[in-house]
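Architecture at a glance
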Amino acid sequence: MAKLSGKRAVVTGAGNGIGLAIARVFADEGARVLTVDVSAADLDAAFGGDERFATLVEDVAADDAPSSIVGAAIDQFGGIDILVNNAGIVVAGPFDTLTDEQFDSIMGVNVRAIFRISREAVPHLKASGAGRIINLGSIMSDLAGPALAIYGTSKHAVAGLSKGMAVDLGSYGITVNYLQPGSIVTKMSEPFMDDPEFKAYWEAKAPIGRLGQPDEVAAAALFLASAEAQFVSGVGFNVDGGAIVQF
Ligand SMILES: NC(=O)c1ccc[n+]([C@@H]2O[C@H](COP(=O)([O-])OP(=O)(O)OC[C@H]3O[C@@H](n4cnc5c(N)ncnc54)[C@H](O)[C@@H]3O)[C@@H](O)[C@H]2O)c1
């Protein structure tokens with residue numbers, strides 16, 4: 001039997017990369033999925049004409065994003081069982097060149113939006129009886145990387161927020177976990193991988209000896225969303241080929 005049969009999911013940042021892979025595997029396992037992205041063209045290219053998906057063009061950091069996203073899920077599916085806060089952005093640069101605007105914009109998308117959208121979804125996740133929140137952290141939720149001070153701060157915050165939510169929401173049967181991908185081949189990582197030294201560093205950092213693929217992160221999201229993971233909460237789940245444990 002399909003692992004997510006009858007489940008209703010929301011995946012933000014689903015137009016590309018990891019979010020797209022998560023939305024697809026959830027639908028393949030029987031879920032109906034509201035896919036949210038800032039890019040209408042990307043949503044259309046990924047999900048157009050496939051009735052397992054509803055689409056919503058929305059900026060997760062917008063003031064009205066929580067009501068618009070949760071409202072669309074309720075309109076389309078009548079409830080929410082699984083929320084995947086995947087939308088994220090990165091800025092790279094030496095610490096003393098980073099700006100206030102960059103700090104606010106990264107924290108707005110990578111952290112504040114997770115807080116606000118999750119809070120709006122809580123009544124529906126409670127009603128589900130087995131609600132799931134899966135946030136996108138990173139290997140940078142534990143480590144620091146050169147020129148990634150703001151991004152790393154945001155991903156450390158995702159860890160703290162996820163743990164706090166896990167504590168407060170556990171009594172409602174809601175689990176909250178965060179994924180910690182290593183270096184995954186997507187549009188976000190592509191510009192970094194154009195630098196052969198950077199690419200070789202990340203390939204060697206993982207004992208598995210290569211970069212990861214979005215499907216490999218989606219497989220971990222599927223586990224966390226499934227009934228098998230009902231006693232797993234507050235956890236950072238590394239999908240990094242072992243990169244985090246290698247000195
Ligand atoms: N690629 C990696 O190596 C890697 C590693 C660790 C963590 N992550 C995290 O995984 C998540 C997905 O990353 P990815 O590599 O698939 O990125 P990506 O850039 O390939 O895709 C991200 C998607 O999110 C959308 N998006 C961006 N800002 C948005 C906003 N404000 N509102 C709505 N949609 C928005 C983009 O349009 C895009 O479709 C991010 O949170 C990222 O930080 C990625």
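Report on the accompanying structure. (Residues numbered from 1 in each chain as written. Predicted model: local features only at pLDDT ≥ 70, side-chain atom pairs only at ≥ 80, totals over all residues. Heavy atoms only, no water.)

Overview of the nonpolar core
- Counting 34 residues, the largest nonpolar core has V10, L34 and I69 as the members making the most contacts within it.
- The set of elements that each furnish at least two residues to this core consists of β2 (32–37), β3 (53–57), α3 (65–77), α4 (100–128), α5 (149–169) and β6 (175–181).
- Per element, the largest residue contribution to this core is nine residues, and it comes from α4.
- Once you skip the residues sitting within four places of it in the chain, V10 turns out to touch L34, V36, I69, A73, I80, I82, L83 and V84.
- With 32 residues, the next largest nonpolar core counts L4, I134, L179 and A220 among its residues. (Core = buried A, V, L, I, M, F, W, Y, C linked by side-chain atoms within 4.5 Å. Buried < 20%, exposed > 50% of the residue type's maximum accessible area, 1.4 Å probe, protein only. Helix = DSSP H or I, 4+ residues; strand = E, 2+ residues; numbered from the N terminus. Contact = heavy atoms within 4.5 Å.)

Some words on the packing of aromatic side chains
- One pass over the structure, following the stated rule, counts five aromatic pairs.
- Judged by centre distance (4.5 Å) and plane angle (45 degrees), the rings of F47 and F53 are tilted. Here F47 matches F53 in class, with each residue buried.
- Ring centres of Y201 and W202 lie 5.5 Å apart, and the angle between their planes is 90 degrees; this geometry places the pair in the edge-to-face category.
- For Y201, a relative accessible area of 47% translates into the label partly exposed.
- Through successive ring pairs, a cluster of aromatic residues spans F192, F198, Y201 and W202. (Phe/Tyr/Trp six-rings, centres within 6.5 Å; stacked < 30°, edge-to-face > 60°.)

Brief notes about empty space enclosed by the protein
- Tallied over the entire structure, the rule returns one cavity of 30 Å³ or more.
- Each pocket or cavity is described by its volume, and for the largest cavity that value is around 40 Å³.
- Surrounding the largest cavity, T12, V60, N85, A87, V109, A113, I114 and I117 form its lining.
- With four residues, the top contributor of residues to the lining of the largest cavity is α4.
- Residue composition of the lining of the largest cavity, by class: six nonpolar, two polar and no charged. (1 Å grid on protein atoms, 1.4 Å probe; cavity = no way out; pocket = protein on both sides within 12 Å on 5 of 7 lines; lining within 4 Å. Points joined across faces, edges and corners; volume = space filled by probe spheres on them. Nonpolar A, V, L, I, M, F, W, Y, C, P; charged D, E, K, R; others polar.)

Digging into the sheet that holds β6
- Pairing is parallel across the open sheet formed by seven strands, whose spatial order is β3-β2-β1-β4-β5-β6-β7. In this open sheet, the two edge strands, each paired with only one partner strand, are β3 and β7 (236–239). On average, each strand axis in the sheet is inclined to that of its neighbour by 20 degrees, with strand direction left out of account.
- Contacting β2 and β3, helix α2 (residues 40–47) runs over the sheet at an angle of about 170 degrees to β3.
- In this fold α4 packs onto β4 (82–85) and β5 (132–136), with an angle of close to 175 degrees to the strand it touches most, β4. (Pairing = 2+ DSSP bridges. Axes fitted to C-alpha atoms, helices over the stretch in contact; angles between N-to-C directions.)

Some thoughts on the layout of surface pockets
- The volume enclosed by the largest pocket comes to roughly 880 Å³.
- Residue lining of the largest pocket: 40 residues in total, with G88, I89, Y151, T186 and M188 positioned closest to the centre.
- When residues of the lining of the largest pocket are assigned to their parent elements, the largest contribution, three residues, is made by helix α1 (residues 17–28).
- In terms of residue class, the lining of the largest pocket is made up of 20 nonpolar, 14 polar and six charged.
- Put simply, the second largest pocket is a space of about 170 Å³.
- Lining the second largest pocket we find 15 residues, and of these R210, L211, G212, D240 and G241 sit closest to its centre.
- By residue class, the composition of the lining of the second largest pocket is seven nonpolar, five polar and three charged.

This is a description of form; function is not addressed.
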